[in-house]
Amino acid sequence: MIRRAFIGQGRPKLPYSPVADKGAGSVLQVPQPAKATFFVDQPYKDRAELVIKEGGEVKRGEPIAPFADFKSYALSSVSGVISSIEPYTGARGQKMTAITVEAKGDAWGQGPGSTPTLEAGLKYLENCAGGLSLVRAANSKINTLLVMGVERDLLATAVGQVVSEKAPSIKKGVEALKKMTGAQKAFIVVPPGLAKSAEGCGCEVKVLNAPYPAGIDRLVLHSLFSVTVPAGGFPEDVGFLVVPAESAAVVGEAFATGRVPDEKMVTLIGKDASAKPLNFRVRIGTPVADVLKIGNVTVNNSDRVVLGGPMRGKAVYSLKMPVEPDTDAILVQGADDLPEIADNSCINCGECVRACPARIQVNMLARFLENAQYEEAAARYDLLSCVECGLCSFVCTAKIPIFQYITLGKHELARLGAEA
Ligand code: SF4
Ligand code: SF4
């Protein structure tokens, strides 16, 4: 009998959506929502300990923290009255606090002033549009800024749109962030079509001409800077502050105007695969339903709505869910087009191992994660080296939701570590 060698697909070639210096096309405006909801990434505590109250007023751009000892806060994108403060559990079981504000008026709150300092950034810009985080930079020696001008996921064009239209703001943001962190060097990484726009961003331009998932920050650091972020570590551990291009533009505008911009760019990817995705300017906290309405996208029973793109996004169960600071895309998948997910057993085909950019033995990792053995998964099969690209789920012959197991596993490990 002639045995044919099993020839796997290797890593699939999945191109990012092309964006050119002139942008992805027209950008539509989503009106201010009647109600905006913000998540603060810390668990709700006793109601008696609240330092903000339902009925209290907030202004645009104002940081709101519900409890006195909270290190995290949300930035309100509307001026108005707080209508609810409630516990909220995220898709991976994260315990958070949700604050809803009923919009009224258009007053701006106090901003960070005109002098860029790390203190001002920590107080007014944490988790601004794009999802900026400065907390680790405050406890690390930062040598280099890396502005990410590549999309976080497939099909999205929001980041490219921002780079193409906001280069002067990004340049101001880079100057401010250098002063805030002490970084000596700054780079921006962009796809080939945005090289010209990137020249106006005040950084050395690095062009990334490679398919997904090459634009994930840790892979960029490895491929373009020969720097490896340790497993379970962060770019700050190796002297890099990674800044989403949209956040860099917000930082630039915030110190120039004294106000923290509260809109973000979002790509809406509808069910019609042949239609061109559209970009929208949306206030953070706007319900997904408002964006779908302006985009004329209807959602039927059994359709799926995802915040983010097809590889790394998270499905939402309600159209009242808000656009978050790092929501670059809203994807609507028709019921007939949903990717199959099954409770099958692994057949050891090895496709996930061949696809994994972090060279993890994903088939073995999945076994431990399926059985909730998170510590073993980290110790024996490199769970913490995963860059969360989702390719393993995409190629899995048995349709096992490996990516979901991985993100849950990482969250559980972090929770166990915090408890310890
Ligand atoms: S999600 Fe993680 S384990 Fe899966 S292919 Fe990507 S890097 Fe590898
Ligand atoms: S987890 Fe999926 S892709 Fe990986 S070896 Fe098993 S069946 Fe194949």
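Look up: the structure comes first, before these words.
Thresholds, definitions, all that
Residues numbered from 1 in each chain as written. Chains lettered and ligands numbered in written order. Predicted model: local features only at pLDDT ≥ 70, side-chain atom pairs only at ≥ 80, totals over all residues. Heavy atoms only, no water. Pairing = 2+ DSSP bridges. Helix = DSSP H or I, 4+ residues; strand = E, 2+ residues; numbered from the N terminus. Axes fitted to C-alpha atoms, helices over the stretch in contact; angles between N-to-C directions. Contact = heavy atoms within 4.5 Å. Near = heavy atom within 4 Å. Nonpolar A, V, L, I, M, F, W, Y, C, P; charged D, E, K, R; others polar. Phe/Tyr/Trp six-rings, centres within 6.5 Å; stacked < 30°, edge-to-face > 60°. Buried < 20%, exposed > 50% of the residue type's maximum accessible area, 1.4 Å probe, protein only. Lys NZ or Arg CZ within 6 Å of the ring centre and 35° of its normal.

Bringing the sheet that holds strand E3 (residues 57–58) into the picture now. Pairing within the open sheet is antiparallel, and its four strands lie in the order E2-E7-E6-E3. In the strand order of this sheet, the two ends are held by strand E2 (35–40) and E3, each with one partner. Bridge count between E3 and strand E6 (residues 80–89): two bridges; the pairing is antiparallel. Each residue of the ladder has a partner; that of Glu57, found in E6, is Val81.

Moving on to the sheet that holds strand E15 (residues 314–316). Taken together, six strands build an open sheet; the order of strands is E1-E13-E12-E16-E14-E15 and the sheet is mixed. Pairing within the sheet leaves two strands with one partner each, and these edge strands are strand E1 (27–29) and E15. Neighbour-to-neighbour, the strand axes of this sheet turn through a mean angle of 30°, independent of strand direction. With six bridges joining them, strand E12 (residues 263–269) and strand E13 (residues 278–283) adopt antiparallel strand pairing. For Thr267, the partnering residue across the bridge sits in E13 and is Asn279. Across the sheet, helix H3 (residues 158–165) is in contact with E1, E12 and E13; its angle to E12 comes to roughly 135°.

By nearness alone, every residue bordering ligand 1 is listed as Cys356, Pro357, Val362, Cys386, Val387, Glu388, Cys389, Gly390, Cys392 and Ile406. Grouping the amino acids of the shell around ligand 1 by side-chain chemistry returns eight nonpolar, one polar and one charged.

All residues adjacent to ligand 2 are Cys346, Ile347, Asn348, Cys349, Gly350, Glu351, Cys352, Asn363, Cys396, Thr397, Ala398 and Ile402. For the shell around ligand 2, the residue count by class is seven nonpolar, four polar and one charged.

This next bit is on the packing of aromatic side chains. The final tally for this structure, using the stated rule, is six aromatic pairs. Ring centres of Phe39 and Tyr88 lie 4.3 Å apart, and the angle between their planes is 15°; this geometry places the pair in the stacked category. Of the two residues, Phe39 is situated in strand E2 and Tyr88 in strand E6; the sequence distance between them amounts to 49 residues. Like Tyr88, Phe39 is buried. For the pair Phe187 and Phe225, a centre-to-centre distance of 4.9 Å together with 75° between the ring planes defines the contact as edge-to-face. Within this pair, whereas Phe187 is found in strand E9 (residues 185–190), its partner Phe225 is found in helix H6 (residues 217–225), the two being separated by 38 residues in sequence. With respect to burial, Phe187 and Phe225 carry one shared label: buried. Here the basic side chain of Arg136 rests over the ring of Phe234, its NZ or CZ set 3.5 Å away from the ring centre. Above the plane of the ring of Phe225 lies Lys206, whose end atom (NZ or CZ) is 5.2 Å from the centre.

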